[in-house]
Amino acid sequence: IMPNAVKDSKKIMDWIKENIPKATVNIMGQYMPYFKARDYPEINRPLEREEYEEVLKYAKGIGINIL
C-alpha cells in the first residue's frame, strides 16, 4: 500500500477478488519514502497506520485470503 492510495488499493483488492478469487494476498504496510520520493509530495511520507488498517479491513471484508 502506498501513501494516499487507499481508494486505489481497494480497487486492486476488488480486481483480485473478481479475477483471482482463490489468491492469497500479502498486504504490506512497510513503504518508506527514500531516494527521489521527496520529489513527489503524494508519496513523500510513510504510510499511516490508518491507511494500512483500512485496506486490510476492506480486503478481509470482501473475502480475500490474507497472508
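All values reported here derive from a predicted model rather than from experimental measurement. (Residues numbered from 1 in each chain as written. Predicted model: local features only at pLDDT ≥ 70, side-chain atom pairs only at ≥ 80, totals over all residues. Heavy atoms only, no water.)

1. Topic: helix 1 (residues 6–19)
Each α-helix winds once per 3.6 residues, and so residues spaced three or four apart point in a common direction. As a reminder, the rule being used: Numbering of helices and strands runs from the N terminus; a helix is a DSSP stretch of H or I covering at least four residues, while a strand is a stretch of E covering at least two. One less than the number of residues in a helix, times 1.5 Å, gives the span that helix is expected to have. The buried label goes to any residue with under 20% of its type's maximum accessible area, the exposed label to any with over 50%, and the partly exposed label to all in between, with areas taken from a 1.4 Å probe on protein chains only. Taking the helix axis as origin, the arc is that swept by the directions to the C-beta atoms.
For helix 1, built from 14 residues, the straight-helix expectation of 20 Å at 1.5 Å per residue is met to within 8% by its first-to-last C-alpha distance of 20 Å. Among the residues of helix 1, those classed as buried are V6, S9, M13 and I16. Buried positions in helix 1, seen along its axis, are confined to an arc of 75° and lie on one side of it. Exposed residues pointing more than 90 degrees away from the buried face of helix 1 are listed as K7 and E18.

2. Re the nonpolar core
Put simply, the rule is: For the purposes of this section, nonpolar cores are sets of buried Ala, Val, Leu, Ile, Met, Phe, Trp, Tyr and Cys residues that join through side-chain atoms within 4.5 Å.
Counting residues in each nonpolar core, the largest one holds ten residues, listed as V6, M13, I16, A23, V25, I27, V55, L56, A59 and I64. Residue assignment for this core shows that the elements contributing at least two residues are helix 1 and helix 2 (49–61).

3. Some points on helix 2
Short version of the rule: Every residue pair with non-hydrogen atoms within 4.5 Å of one another is taken to be in contact.
The end-to-end C-alpha distance of helix 2, which contains 13 residues, comes to 18 Å, matching closely the 18 Å that a straight helix rising 1.5 Å per residue would cover. By the burial criterion, the buried members of helix 2 are E51, V55, L56 and A59. Looking down the long axis of helix 2, one finds its buried residues gathered within 125° of arc, a one-sided arrangement. For helix 2, exposure combined with an orientation more than 90 degrees from the buried face picks out R49, E50, K57, K60 and G61. Summarising the contacts, the buried residues of helix 2 are in contact with helix 1 and strand 2 (65–66). Backbone geometry just downstream of helix 2 places G63 in the positive-phi region, at approximately 90°.

4. Quick word on the packing of helix 1 against helix 2
We count it as follows: A fitted line through C-alpha atoms represents every axis, and for helices the fit uses only the stretch in contact; the resulting angles, taken between N-to-C directions, go from 0 to 180 degrees. Here the word oblique covers every angle except those under 35 degrees (roughly parallel), over 145 (roughly antiparallel) and from 65 to 115 (roughly perpendicular). Crossing handedness follows the turn of the near helix against the far one: under a right angle anticlockwise gives a left-handed crossing, and clockwise gives a right-handed one. All amino acids are sorted into three groups, where Ala, Val, Leu, Ile, Met, Phe, Trp, Tyr, Cys and Pro are nonpolar, Asp, Glu, Lys and Arg are charged, and the leftover types, Gly among them, are polar.
Two elements in contact, helix 1 and helix 2, have axes separated by 10 Å at closest approach and are oriented at 20°. By the angle between their axes, helix 1 is roughly parallel relative to helix 2. Along this stretch, helix 1 crosses helix 2, giving a crossing that reads as right-handed. Contact residues: helix 1 offers V6, S9, K10, M13 and D14, while helix 2 offers E51, E54, V55, Y58 and A59. In the contact of helix 1 with helix 2, the residues fall into five nonpolar, one polar and four charged.

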